[in-house]
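Secondary and tertiary structure notes
What follows is the residue order along each chain.
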There are 2 protein chains.
Amino acid sequence: MADFSAVELIIAKRERGELSTDAIDWLIANYTSGVVADEQMSAMAMAILLNGMNRREIRDLTAAMIRSGERLDFSSLAAPTADKHSTGGVGDKITLPLVPLVASFGVAVPQLSGRGLGHTGGTLDKLESIPGWRASISNAEMHKQLAEVGAVICAAGSGLAPADRKLYALRDVTGTVEAIPLIASSIMSKKIAEGTGSLVLDVKVGSGAFMKTLDRARELAQVMVDLGNDSGVKTSALLTDMSTPLGLKMGNALEVEESLEVLAGGGPADVVEITVELAREMLKLSGITDADPAAALRDGRAMDKWRQMIAAQGGDPDAKLPVARESHTILATQTGHLTKLDALAVGIASWRLGAGRARKEDAVQFGAGIQLHAQQGDRVVAGQPLLTMFTDEPERFERAEQALDGGIEYGNSAPQERRIILERL
Amino acid sequence: MADFSAVELIIAKRERGELSTDAIDWLIANYTSGVVADEQMSAMAMAILLNGMNRREIRDLTAAMIRSGERLDFSSLAAPTADKHSTGGVGDKITLPLVPLVASFGVAVPQLSGRGLGHTGGTLDKLESIPGWRASISNAEMHKQLAEVGAVICAAGSGLAPADRKLYALRDVTGTVEAIPLIASSIMSKKIAEGTGSLVLDVKVGSGAFMKTLDRARELAQVMVDLGNDSGVKTSALLTDMSTPLGLKMGNALEVEESLEVLAGGGPADVVEITVELAREMLKLSGITDADPAAALRDGRAMDKWRQMIAAQGGDPDAKLPVARESHTILATQTGHLTKLDALAVGIASWRLGAGRARKEDAVQFGAGIQLHAQQGDRVVAGQPLLTMFTDEPERFERAEQALDGGIEYGNSAPQERRIILERL
């Protein structure tokens, strides 16, 4: 491998230069091994955030992160493989009903998920509220479960894109999360190394998402779609609304509960719509164009798959879910239409109740979170319950309620009808 | 002290925001104590480099760095105090003759110096080539020497602006040296904490300097002059040429040698000119307007002060200086005028010969360096000696010579006469 100096590469990017393929390879390999120090990589991350990277550099960065670890290979499976990734939002429990739903059509779903950090929840935290369920399984167990059940949601092993694991933790504490080259390469290195045949990206837009505007979300989505297709993974993207929470329930066990409602053929319309749309997209990329995912939710096929998937990882699908010890309900203060119920405000409130963690080492409260009694756009009457907060520690209510300040607005006329799916790429 | 989050402050500066006085105080205090991590500070430094700071922020940053440590106080001395600071260049040994020269007029000079890093030399490294000389002395010893001799060149104690010490080391390895707010606050926090009554800044401009253009150098100088005067230190600045080396000798013992030539009334004209001009400026700020520094060089008064100053710190002014074991002379390849003899190229060659260090832990070779036989603008004849390289390790010659590639040019007509002093502020 060619030899470079970390300082010279940082200065090159600082001065809006382009980093060569060899330079990017060197940087990622030497950051993974510890030759390039955290303080050097964080300066580089800030320079990338402010000065950008072109498509070739992003492709090289993604390839270097994949090369930093192992690659999985599911080509020996009889079934096609498909996966989805969401850039994260408030109340975004879609992975839970979606994975068994798609698997119920004979498409294997190898979903490697993460934990929550900040105001967005993590799929693994949610599933761990199911007694007995294990997030960590070996590659061999994953392969076996995919062959037998066709659906896995588990933690990414430490062997997969270790450079990304290290860089992600660094970005989180250095104010360098919101860089499109870094977000795109982080997501896509793991998905490509995971070996899925196709991939649907759910890129969230709005106050509760990393991308606050449609333009930024579209840019991120396009970069990731290109990265996937260039690497032989059939990739498409939906841009979906994250200005207000998805569904009525936020928090770990609460989101499992709502997912079970959807798998039982019910659940909030927005959660059902996005689940069905993403399933249709995943099935289409796998060559199945005549499927009716909504029917598979209604007739129990998806629920059967869910039960198999949970049981395969030690979970008891019939166990009672954890419930918070304390609850506090907030009432509507006005009569009228709920013109604003801000995703970020609700996400932070839920986080402060104990559903999320402040530091990676922290534990989450499985029962903590928020249940909405009305969604944005609904008509409410002053004094009716607006939302209920749940936590094991009642001293958390005050700070949680403060987070809602300015996040709730009422109006006399109904707001424009909410569109969930904003664009397709 | 108000409480802040490092990540939120980094993001604020990343988004071109202004940091409040309280935020800057918090950041520097908590970086010094280790609560704010190196990787956070380097991301902040890159954000400052790329997005800038306004005058108020720079003033607050400087004040916070001063407050991170102790302040010296020379107000009990009978003599006025004056100091100078150079932003660093190639062959810049001016501090060596300048400090005793100014002291010979009864102005006390408390010069806290640093070591070389990269292609620019360090005053302490140069003086340490004098057998017995000690760079580290206590504050009490410094005070006593200033009262008795009137001249001190020594290492800054660890108590002075410890935030700057930590930040400077970090910037060096993270590509964040060349930021005007960081350079200005680093220099001025130490000079203000040092307690000098007046200060002359020698801001270098050109290939061998941090500031490559006159505009950037003027901006840096103006920021520093304002910082000094706002803090009660009478401060002025000269912008001086660093497109080609100062004098004929580069390297530690070699620069002491050339300084002794100047102190003996001889030496290269450019070194003498800048030494005399800076001395005149320092004396003027101390209220002495009728001095003739050139005469004090010629008649031995400055040399007498040098000998006292060196002896006071254990050095033997009569000791033979270290000499490199190997030398290699490069000949002029053309007849004509030397139209370019690039400061950066010569600086890097000298560094590679062993005069400088690659990492802070490295030792320098006292005898290593370069002696020029002609300066930029001189007429040379093909085959005449152009420069001689010195090192203890002959395997270094090849890489040193490579550094000169493109740094030397010949022409038929004499270039414009070189101006050393470009501007005064």
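Residues numbered from 1 in each chain as written. Chains lettered and ligands numbered in written order. Predicted model: local features only at pLDDT ≥ 70, side-chain atom pairs only at ≥ 80, totals over all residues. Heavy atoms only, no water.

Some points on the pairing of strand β11 (residues 385-391) of chain B
All names here are of chain B. The line we're drawing: Classification of residues uses two cut-offs on accessible area relative to the type maximum, computed with a 1.4 Å probe and protein chains only: under 20% is buried, over 50% is exposed, and between them is partly exposed. Numbering of helices and strands runs from the N terminus; a helix is a DSSP stretch of H or I covering at least four residues, while a strand is a stretch of E covering at least two. Two strands pair under a simple rule: DSSP has to find at least two bridges between them.
The buried fraction of β11 is high, at six of seven residues. Where strand β7 (residues 326-331) and β11 come together, six bridges link them in antiparallel fashion. Residue threonine 329 lies in a different strand from β11, and its bridge partner there is threonine 388.

Here's the deal with the domain arrangement of chain A
Residue and element names in this part refer to chain A. Note the threshold: Each domain span listed reflects an automatic or database assignment of domains. In what follows, a contact means two residues having at least one pair of non-hydrogen atoms within 4.5 Å. Buried area: the accessible area, evaluated with a 1.4 Å probe, that two parts lose upon being put together, summed over both parts. By definition, a salt bridge exists where a carboxyl oxygen of Asp or Glu is found within 4 Å of a side-chain nitrogen of Lys or Arg. Distance and chemistry together define a polar contact, namely a pair of N or O atoms within 3.5 Å, with one atom able to donate a hydrogen and the other to accept it when in protein, and with adjacent residues in sequence counting only for side-chain atoms on both sides.
By the assigned domains, chain A splits into domain 1 (6-52), domain 2 (82-312) and domain 3 (326-411). Here the C-alpha centroids of domain 2 and domain 3 sit 24 Å apart. The partner domain 3 presents 25 residues to the 25 residues of domain 2 that form the contact. Interface area, domain 2 with domain 3, both sides summed: about 2000 Å², of which 59% is carbon and sulfur. On the domain 2 side of the contact with domain 3, His119, Leu248 and Met250 bury the most area, a combined 23% of that side's loss. For the pair domain 2 and domain 3, the number of links is one salt bridge. A salt bridge links arginine 357 to aspartate 125; its shortest N-O distance comes to 2.8 Å. Summed over the shared surface of domain 2 and domain 3, the number is 13 residue pairs in polar contact (both at pLDDT 80 or more). Within the residue set of the side of domain 2 that touches domain 3, elements represented by two or more residues are β6 (249-251) and α11 (252-263).

Focus: the side chain of A:Gln313
Residues and elements named next belong to chain A. Among the structural elements, glutamine 313 can be located in the loop between α14 (301-312) and β7 (326-331). Among the polar contacts listed, one links the side chain of glutamine 313 to the backbone oxygen of isoleucine 153, at a separation of 2.9 Å. With residues near it in sequence (within four places) discarded, glutamine 313 still touches Gly132, Trp133, Arg134, Ile137, Gln145, Val152, Ile153 and Cys154.

With respect to the interface of chain B and chain A
Our working rule: Residues are grouped as follows: nonpolar covers Ala, Val, Leu, Ile, Met, Phe, Trp, Tyr, Cys and Pro; charged covers Asp, Glu, Lys and Arg; every other residue, Gly included, is treated as polar.
With 22 residues of chain B in contact, the opposing surface of chain A contributes 21 residues. Both faces considered, chain B and chain A share a buried interface measuring about 1600 Å² in area, 67% of it formed by carbon and sulfur atoms. Together, B:Arg14, B:Glu39 and B:Leu50 form the three largest contributors to the area buried by chain B at its contact with chain A, with a combined 34%. Joining chain B to chain A, the criterion identifies two salt bridges. A salt bridge links A:Glu178 to B:Arg14; its shortest N-O distance comes to 2.9 Å. Our count for the chain B to chain A interface comes out at nine residue pairs in polar contact (both at pLDDT 80 or more). If you list the elements that add at least two residues to the side of chain B that touches chain A, you get α1 (6-14), α3 (38-51) and α8 (162-173) of chain B. At ten residues, the largest contribution of residues to the side of chain B that touches chain A is made by α3(B). When its residues are assigned to classes, the side of chain B that touches chain A shows eleven nonpolar, six polar and five charged.

Overview of the environment of A:Leu182
Residues and elements named next belong to chain A. With respect to the secondary-structure elements, leucine 182 resides in helix α9 (residues 180-194). Note: C-alpha distance between leucine 182 and leucine 49 (133 residues apart in sequence) is 7.9 Å. Among residues more than four places away in sequence, those in contact with leucine 182 are Ala45, Ile48, Leu61, Leu167, Arg171 and Thr176.

Comments concerning the nonpolar core
Quick note on the threshold: Residue types Ala, Val, Leu, Ile, Met, Phe, Trp, Tyr and Cys, when buried and joined through side-chain atoms within 4.5 Å, form a set referred to as a nonpolar core.
A:Leu201 and B:Leu201 are the most contacted members of the largest nonpolar core, which totals 126 residues. Apart from residues lying up to four places away in sequence, A:Leu201 is in contact with A:His85, A:Ile187, A:Met188, A:Met224, A:Val225, A:Thr235, A:Ser236, A:Ala237 and A:Leu238. Among the nonpolar cores identified, the runner-up in size contains 72 residues, and A:Ile94, A:Ile153, A:Leu283 and A:Ile421 belong to it.

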